[in-house]
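Examining the three-dimensional arrangement
Chain by chain, the residues:
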Amino acid sequence: MATTTAIYLFVLPRIDLIKEQAARLKDMAAAAGRSPTIVPIHSRVPGVKRGVVRALREAIDNAVEAHTVIITTHAAAMELYPDELQGLNVRWDELPEAATPSGSIGLATSWPAMRARYALTPGDEPGWFRVNLRSGAEPISLDQIREDVGGAKLIEFHRLAGSGSRVVEVDVAAWEDAGVPKAPPVRWRSVWSLAALRLAATVKVAAAGYPGSLADHAMRRAGGVRVEAVHVGGPRTGQPQIRIYYYTQHPGSTGWWEKKEGRSCLVAISRHLEGIGFDGYWASNYDIVPFFTCRIGGDETSPKLAGTNSLRHHTSCALIYSAKATPDDEAIIRALGLNREDIQAAREDEDVFQFACRGAIRDPNYSGDYAVYLYDHGQAERLRNRLIGAGYTDVVTEPVVMAGILDVVRPHHSRVGKRISATATETAAKRDARLKAQDAQRKRDSRSALKEVKIANGTYKGRGRPKGSSQPST
């Protein structure tokens, strides 16, 4: 884009990246003696806050300079009609995260308003019906949506269904079906894929982790597009020593962290990070940010960091985060033929991978130490596998024993709990003794696992070491 004359549509995942990448593009072009016209389009540009897509269409229509780069967000570009991309050279950065929204909405009393605004026609799959904006339907303001029953869940639905360019489907054949007594919530979905860019002059997508992503599944569902994978960049000249630390054996979730036991785990993690003087970049789910703010150092960021280069000076990061499948994902799971594990891999694991790769290891020449702190063992192992698949060779996982929560068991994840129910007839004394023995065994297993990791890493020092010898920190 910096050196080749053409009209480009440069699409980025977030507004904050537009300024960063526009400056980089300008510098690269200047170094090559070029001066393309760069046009940023997003809601923070004066004059376009209430009409980003309209401003984007106008920018495309007015792109008369032979070398023009229009820069916008995924959300705006996904609302363009395919034929509006003709003649453009699309350069899409990172996977489209918001391409497959879905949810459920209760319309027991508001279904007449939906019927007045949207017609329903059979979709491509049995049981699903396409939502079509009726001719002459008046625009709905955000305030009106919020005031409606269940308005918070309707905002995204109305935004997409009202655009006219996005396909939105529901699982009711007629709106009045939603008003039947005890009718279940109406499920809706909108599946957008990169196949919508097929009429552009050229399309190139730069993204790690494409295979198995929701974007990949959506493209396969759309069909008719050949995907050619091309490795970008040269080989690594340095190999960092990546240590992925984890605090628990059980998986985290927003529901678990609302409970007293889950909150206790967050407090323990916060205390540990504070105690070791953590000063990297960190993030967490929004609701648990207060457990870490003002307690740990470093830079607080968003959990979603795909695309940014601004954190490469950091040699450590921490992400206490969960983004697993929810009941609202059921419509997309069915549409793409997936399961809950696929959603976790495409969402949570991808976010963790992108987050971890924004620090010093983004530099192909970096060969120093790099620490990643995650909530649970499963996250750590899945990240390790992804990093090795991405070309990093020195990656190990290690439990943080010092935090004291490796043995915490979530009740519905506990196999021990099932054994307890099967032996409910034993005496209290025997049960206490059995649980005490199980707890001791878990701790021995944890110490043994830690010892094995340190031996493999060459950092284990057995008992009897000389005085003054160094003790590796956890």
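Read on for a plain summary of the structure. It should be emphasised that the depicted structure is a prediction, and the values quoted were computed from it without experimental measurement.

Cut-offs used in this document
Each chain carries its own residue numbering, running from 1 in the written order of its sequence. Local features in this predicted model are restricted to residues of pLDDT 70 or higher, and side-chain atom pairs are both shown and tallied only at a pLDDT of 80 or more, whereas totals for entire chains, interfaces and linings draw on every residue. To get the side-chain values, all heavy atoms of the structure are used, and hydrogens and water are removed first. Numbering goes from the N terminus for both helices and strands, where a helix is a DSSP run of H or I of at least four residues and a strand is a run of E of at least two. Only heavy atoms matter for contacts: two residues are in contact if any of them lie within 4.5 Å across the pair. Per-residue accessibility takes into account occlusion by the displayed protein chains alone, with areas from the Shrake-Rupley method and a 1.4 Å probe. Side-chain atoms within 4.5 Å are what join buried Ala, Val, Leu, Ile, Met, Phe, Trp, Tyr and Cys residues into a set we call a nonpolar core. Buried means the residue's accessible area, taken with a 1.4 Å probe over protein chains only, is under 20% of the maximum for its type, while exposed means over 50%, and partly exposed covers the values in between. Here, a strand pair is defined by DSSP locating no fewer than two bridges between the strands. Angles shown run from 0 to 180 degrees and are taken between the N-to-C directions of axes, each axis being a line fitted to C-alpha atoms and, for helices, limited to the stretch in contact. By salt bridge we mean one thing: a side-chain nitrogen of Lys or Arg within 4 Å of a carboxyl oxygen of Asp or Glu. By definition here, a helix of n residues has an expected span of 1.5 Å times n minus one. Think of it as the arc spanned by the lines of direction from the helix axis to the C-beta atoms. Cavity means a closed set of points on a 1 Å grid over the protein atoms alone, one where a 1.4 Å probe fits but cannot get out, pocket means an open set with protein on both sides within 12 Å along at least 5 of 7 lines, and lining means a residue has an atom within 4 Å of a point. Grid points are joined across faces, edges and corners, and a volume is the space filled by probe spheres set on the points.

**Considering the overall build of the protein**
Along the backbone of the protein there are 14 helices and 16 strands. Contacts in the protein between residues far apart in sequence, at least 24 positions, make up 74% of those at least 6 positions apart. Accessible area for the protein stands at about 24,700 Å²; split by element, carbon and sulfur atoms hold 52% of it.

**Examining the nonpolar core**
If you look at the biggest cluster of nonpolar residues, it comprises 31 residues, and the most contacted ones within it are Leu9, Leu56, Ile70, Leu85, Val90, Trp92 and Trp192. Listed by contribution, the elements that provide at least two residues to this core are β1 (7-12), α2 (52-61), α3 (74-77), β4 (89-93) and α7 (214-222). Per element, the largest residue contribution to this core is five residues, and it comes from α2. Setting aside residues no more than four positions away along its own chain, Ile70 makes contact with Tyr8, Leu9, Phe10, Val39, Ile41, Leu56, Ala59, Ile60 and Ala63. Grouped together as the second largest cluster of nonpolar side chains are 28 residues, Ala283, Cys357, Tyr392 and Leu406 included.

**Quick notes on the sheet that holds β1**
Across the sheet, which stays open at both edges, the five strands sit in the order β2-β3-β1-β4-β10 with parallel pairing between neighbours. If you trace the sheet from one side to the other, it starts and ends with β2 (37-40) and β10 (202-206), each paired once. On average, adjacent strands in this sheet sit at an angle of 15 degrees to one another, irrespective of strand direction. Where β1 meets β4, four bridges bridge the pair, whose relative direction is parallel. Looking at β4, one finds that Val11 is bridged to Trp92. Those strands touched by helix α1 (residues 15-31) are β1, β2 and β3 (68-73), and its axis lies near 160 degrees from that of β3. On top of the sheet, α2 reaches β1, β2 and β3; it is set at about 165 degrees to β3, its chief contact.

**Let's talk about the environment of Ala30**
Structurally, Ala30 can be placed in helix α1. Put simply, Ala30 and Thr3 are 27 residues apart on the chain and 9.1 Å apart in space, counted from C-alpha to C-alpha.

**Observations concerning unusual backbone geometry**
Despite not being glycine, Glu94 has its phi angle at roughly 70 degrees, a positive value. Of the residues examined, Glu94 reaches a relative accessible area of 7% and is grouped as buried. A positive phi is found at Lys182, a non-glycine position, where the angle reads about 65 degrees. Looking at the secondary structure, you find Lys182 in the loop between β8 (169-170) and β9 (186-189).

**Quick look at the side chain of Arg14**
Relative to the assigned elements, Arg14 resides in the loop between β1 and α1. Contacts of Arg14, omitting those with residues within four sequence positions, involve Thr73, Lys304, Leu305, Ala306 and Thr308.

**Digging into the pattern of salt bridges**
Evaluated as defined, the whole model comprises 22 salt bridges. Where Glu94 meets Arg358, a salt bridge forms, and the shortest distance between an N and an O atom there is 3.7 Å. Residue Glu94 is found in the loop between β4 and β5 (102-105), and its partner Arg358 is found in the loop between α11 (340-356) and β15 (369-376); the two are separated by 264 residues along the sequence. Taking the relative accessible area as the measure of exposure, Arg358 reaches 2% and is therefore buried. A salt bridge links Arg382 to Glu348, with the shortest nitrogen-to-oxygen separation between them at 3.4 Å. With Arg382 in helix α12 (residues 377-389) and Glu348 in helix α11, the pair connects residues that are 34 residues apart, well separated along the chain. Accessibility expressed as a relative area gives 28% for Arg382, which makes it partly exposed. Since its relative accessible area comes to 0%, Glu348 is described here as buried. Here the salt bridges share partners, and the residues they tie into one network are Glu125, Glu169, Arg189 and Arg221.

**Looking at α1**
Since the α-helix turns once every 3.6 residues, residues separated by three or four places project in the same direction. Helix length check: α1 (17 residues) gives 25 Å between terminal C-alpha atoms against 24 Å at 1.5 Å per residue, within 8%. Considered for burial, the residues of α1 that qualify are Leu17, Ile18, Gln21, Ala22, Leu25 and Ala29. Buried residues in α1, looked at end-on, bunch into an arc of 130 degrees, giving them a common side. Of the exposed residues in α1, the ones pointing more than 90 degrees away from its buried face are Lys19, Lys26, Asp27, Ala30 and Ala31. Check the buried side of α1 and you find it contacts β1, β2 and β3. Remark: Gly33 follows α1 within two positions and exhibits a positive phi of approximately 75 degrees.

**Some remarks on the side chain of Glu350**
Within the element layout of this structure, Glu350 appears in helix α11. Take Glu350: its relative accessible area is 8%, and that puts it in the buried class.

**Here we look at empty space enclosed by the protein**
All chains considered together, the criterion is met by one cavity of 30 Å³ or more. By volume, the largest cavity amounts to about 40 Å³. In this structure, the largest cavity is lined by Asp349, Val352, Gln379, Arg382, Leu383 and Arg386. Elements with a minimum of two residues in the lining of the largest cavity: α11 and α12. For the lining of the largest cavity, the element with the most residues is α12, which contributes four residues.

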